Amino acid sequence: AQSVSQHNHHVILSEAASLELGCNYSYGGTVNLFWYVQYPGQHLQLLLKYFSGDPLVKGIKGFEAEFIKSKFSFNLRKPSVQWSDTAEYFCAVAPGGFKTIFGAGTRLFVKA
Amino acid sequence: GAGVSQSPSNKVTEKGKDVELRCDPISGHTALYWYRQRLGQGLEFLIYFQGNSAPDKSGLPSDRFSAERTGESVSTLTIQRTQQEDSAVYLCASSARDRERRNYNEQFFGPGTRLTVL
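Here is a short report on the structure shown in this document. Remember, predicted model here, so these are calculated numbers, not experimental data. (Residues numbered from 1 in each chain as written. Chains lettered and ligands numbered in written order. Predicted model: local features only at pLDDT ≥ 70, side-chain atom pairs only at ≥ 80, totals over all residues. Heavy atoms only, no water.)

### Section: the overall build of chain A
So, step 1. Helix and strand counts for chain A stand at zero helices and 12 strands.
So, step 2. Each helix and strand of chain A, ordered N terminal to C terminal, gives the series β-β-β-β-β-β-β-β-β-β-β-β.
So, step 3. For 112 residues, the compact-globule estimate of 2.2 N^0.38 gives 13 Å, and the C-alpha radius of gyration of chain A, at 13 Å, lies within 12% of that figure.
So, step 4. Counting only C-alpha atoms, chain A reaches 40 × 25 × 20 Å along its principal axes.
So, step 5. Sorting the 112 residues of chain A into buried and exposed places 48% on the buried side.
So, step 6. Put simply, of all contacts in chain A between residues at least 6 apart along the chain, 53% involve residues at least 24 apart.
So, step 7. Total accessible area computed for chain A in this model is approximately 5300 Å², and 54% of it derives from carbon and sulfur atoms.
So, step 8. Averaging the positions of the 10 positive and the 7 negative side-chain charges in chain A gives two centres separated by 5 Å. (Helix = DSSP H or I, 4+ residues; strand = E, 2+ residues; numbered from the N terminus. Rg over C-alpha atoms; globule rule 2.2 N^0.38 Å. Buried < 20%, exposed > 50% of the residue type's maximum accessible area, 1.4 Å probe, protein only. Contact = heavy atoms within 4.5 Å. Areas by Shrake-Rupley, 256 points an atom, 1.4 Å probe, with all protein chains shown as cover. Lys, Arg positive; Asp, Glu negative; His and termini not counted. Charge placed at Lys NZ, Arg CZ, Asp CG, Glu CD.)

In structure tokens form, the structure reads like this:
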């Protein structure tokens, strides 16, 4: 069955620390890849997406993610986190572009 | 409207009762999705509708769950004979078709309906 695995359920960082959240998926074909974020009290919203082309994609608020096909991974990174990045982050995979499978989420807490 | 709306925002019901949850997608979005999010867990796919095609119901957990969509507008998710394990936040999302890639772009989420079954 198709699945998405996020390696960390909870991450605590200090401001200015670097962030990397892992995401692996199980699907051998062409996929669309997403990272969504849910800030406290807000709706889920798109952070960035990958469909094709350059495997390093940049999103909002200084986030980026790298698609490594051979590793079935789409890890999220940010060089220097801010307190306002405290949120829950979800990796999502859309095999074939329609039905979307979400990971369990990673709760990030950034200490000011 | 400006975004995806869902109603009610909160619903408390007694075990065994039926509930109906509503989703109004963004106008013009042909795809509509329902997810369930239990406390502390990720999003669990339930069902999606795309245009006039048959919906993908593969995520519905039991025959107590059903959903309908009127054309490319409102959708309702119905849970019959609710159980305590149905308690969760039910999220609706919609997306527009990317004509170039012939698939669907990012999903826009509603605020969710928090269902509590006593």
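On we go.
### Looking at the sheet that holds strand 7 (residues 75-79) of chain B
Residues and elements named next belong to chain B.
So, step 1. Strand order in the open sheet made by the four strands is 1-3-7-6, with antiparallel pairing throughout. Edge positions in the sheet fall to strand 1 (5-7) and strand 6 (65-69), since each of these pairs with one other strand and no more. Taken pair by pair, the neighbouring strands of this sheet meet at an average axis angle of 15°, ignoring direction.
So, step 2. Direction of pairing for strand 3 (residues 19-24) relative to strand 7: antiparallel, over a ladder of five bridges. Within strand 7, the position partnered with leucine 21 by the bridge is leucine 77. (Pairing = 2+ DSSP bridges. Axes fitted to C-alpha atoms, helices over the stretch in contact; angles between N-to-C directions.)

### Description of the nonpolar core
So, step 1. Judged by nonpolar contacts, the single largest core of 29 residues is most densely connected at A:Leu33, A:Trp35, A:Leu48, A:Phe74, A:Leu76 and A:Tyr89.
So, step 2. Those residues within four positions of A:Tyr89 in sequence are excluded, and the remaining contacts are A:Gln6, A:Leu21, A:Trp35, A:Tyr36, A:Val37, A:Tyr39, A:Leu47, A:Phe63, A:Leu76, A:Gly105, A:Thr106 and A:Leu108.
So, step 3. Counting 20 residues, the second largest nonpolar core, distinct from the first, contains B:Trp34, B:Leu46, B:Ile47 and B:Ile79. (Core = buried A, V, L, I, M, F, W, Y, C linked by side-chain atoms within 4.5 Å.)

### What about the environment of B:Lys57?
So, step 1. Along the chain, B:Lys57 turns up in the loop between strand 5 (43-50) and strand 6.
So, step 2. Sequence separation between B:Lys57 and B:Leu21 is 36 residues; the distance between their C-alpha atoms is 17 Å.

### A few points about the packing of aromatic side chains
So, step 1. Applying the stated rule across the entire model yields 14 aromatic pairs over all chains.
So, step 2. Summarising the aromatic geometry, the rings of A:Tyr25 and A:Phe72 are spaced 5.6 Å apart at their centres and angled 75° between planes, so their arrangement reads as edge-to-face. One end of the pair, A:Tyr25, is in strand 4 (residues 23-26); the other, A:Phe72, is in the loop between strand 8 (64-68) and strand 9 (73-78), and 47 residues separate them in sequence.
So, step 3. A:Phe72 gets classed as partly exposed once you look at its relative accessible area, which sits at 34%.
So, step 4. Relative to B:Phe109, the ring of A:Tyr36 lies with its centre 5.6 Å away and its plane at 85°, an arrangement referred to as edge-to-face. Of this pair, A:Tyr36 sits in strand 5 (residues 31-38) while B:Phe109 sits in strand 11 (residues 108-109), on two different chains.
So, step 5. For B:Phe109, a relative accessible area of 4% corresponds to the buried category.
So, step 6. Aromatic rings pair up to connect A:Phe34, A:Tyr36, A:Phe51, A:Phe102, B:Tyr33, B:Tyr35, B:Phe45, B:Tyr48 and B:Phe109 into one cluster. (Phe/Tyr/Trp six-rings, centres within 6.5 Å; stacked < 30°, edge-to-face > 60°.)

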